[in-house]
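Listed here are the chains, written in short residue letters.
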Amino acid sequence: QVQLVESGGGLVQAGGSVRLSCAASGSIFNINAMGWYRQAPGKQRELVALITRGGSTNYATSVKGRFTISRDNAKNTVYLQMNSLKPEDTAVYYCNAESSLYYYWGQGTQVTVSS
């Protein structure tokens, strides 16, 4: 089993920056990739960014050039650096870990961007 704990969310002004952290524990050797998803009010959960074991990254078009996903393997932690934030980035952000059989989820952290 894998446990994921997010931190770093909060209130930020438009144009500001926030860094989210996701610490993984448990059977982390089964993880093939980790990423960040978000869900805004009235919308479906969407992929924001993904990083694989090999370090390849993928980003949603809406955040590419503004957000950066990174990892610290020694700390079993994945980060999402969020720059140039816009009000439409307001959402609950969820950390995700993928194994061959299951997706694991953190409890989510709220990011609110005010204009």
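Our subject in this report is the structure included herewith. None of the values given here were measured: they were computed from a predicted structure. (Residues numbered from 1 in each chain as written. Predicted model: local features only at pLDDT ≥ 70, side-chain atom pairs only at ≥ 80, totals over all residues. Heavy atoms only, no water.)

1. Points about the pairing of strand 8 (residues 77-82)
Then step 1. Across the six residues of strand 8, five count as buried, placing the element largely inside the fold.
Then step 2. Examined bridge by bridge, strand 3 (residues 18-26) and strand 8 share six bridges and lie antiparallel to one another. Bridge pairing links Ala23 to Thr77 in strand 8.
Then step 3. Here six bridges tie strand 7 (residues 67-72) to strand 8, and the two strands are oriented antiparallel to one another. Note on strand 8: the bridge partner recorded for Arg71 is Val78. (Buried < 20%, exposed > 50% of the residue type's maximum accessible area, 1.4 Å probe, protein only. Helix = DSSP H or I, 4+ residues; strand = E, 2+ residues; numbered from the N terminus. Pairing = 2+ DSSP bridges.)

2. Section: the pattern of salt bridges
For side chains of opposite charge, pairing can occur when their charged atoms come near one another.
Then step 1. Under the defined criterion, the tally for this structure stands at three salt bridges.
Then step 2. In this structure, Asp89 and Arg38 form a salt bridge, with 3.0 Å as the shortest nitrogen-oxygen distance. A residue pair is termed long-range when its members are at least 10 positions apart, and Asp89 in the loop between strand 8 and strand 9 (91-98) and Arg38 in strand 4 (residues 33-39) qualify at 51 residues.
Then step 3. For Asp89, a relative accessible area of 0% puts it in the buried group.
Then step 4. A residue is classified by how much of its surface remains accessible, and Arg38, at 6% relative accessible area, is buried. (Salt bridge = Lys/Arg side-chain N within 4 Å of Asp/Glu carboxyl O.)

3. Observations regarding the sheet that holds strand 1 (residues 2-7)
Two orientations exist for strands paired in a sheet by backbone hydrogen bonds: parallel and antiparallel.
Then step 1. Read across the open sheet, the four strands follow the order 1-3-8-7; overall the sheet is antiparallel. Two strands in the sheet have a free side with no partner beyond their single neighbour: strand 1 and strand 7. In this sheet, neighbouring strand axes are inclined to one another by 20° on average, regardless of whether the strands run parallel or antiparallel. (Axes fitted to C-alpha atoms, helices over the stretch in contact; angles between N-to-C directions.)

4. A short note on the side chain of Thr109
Then step 1. Among the secondary structure elements, Thr109 is positioned in strand 11 (residues 109-114).
Then step 2. By relative accessible area, Thr109 is classed as buried at 10%.
Then step 3. A distance of 3.3 Å separates a polar atom in the side chain of Thr109 from the backbone nitrogen of Gly9.
Then step 4. Sequence-distant contacts of Thr109, defined by excluding residues within four places in its chain, comprise Glu6, Gly9, Leu20, Ala91, Val92 and Tyr93. (Polar contact = N/O pair within 3.5 Å; in protein donor to acceptor, adjacent residues only side chain to side chain. Contact = heavy atoms within 4.5 Å.)

5. A word on the layout of surface pockets
Then step 1. Looking at the largest pocket, its volume works out to about 340 Å³.
Then step 2. Lining the largest pocket are 16 residues, with Ile28, Ile31, Met34, Arg53 and Asn73 positioned closest to its centre.
Then step 3. Going through the elements one at a time, strand 4, strand 5 (46-52), strand 7 and strand 8 are the ones with two or more residues in the lining of the largest pocket.
Then step 4. Taken together, the residues of the lining of the largest pocket break down into eight nonpolar, five polar and three charged. (1 Å grid on protein atoms, 1.4 Å probe; cavity = no way out; pocket = protein on both sides within 12 Å on 5 of 7 lines; lining within 4 Å. Points joined across faces, edges and corners; volume = space filled by probe spheres on them. Nonpolar A, V, L, I, M, F, W, Y, C, P; charged D, E, K, R; others polar.)

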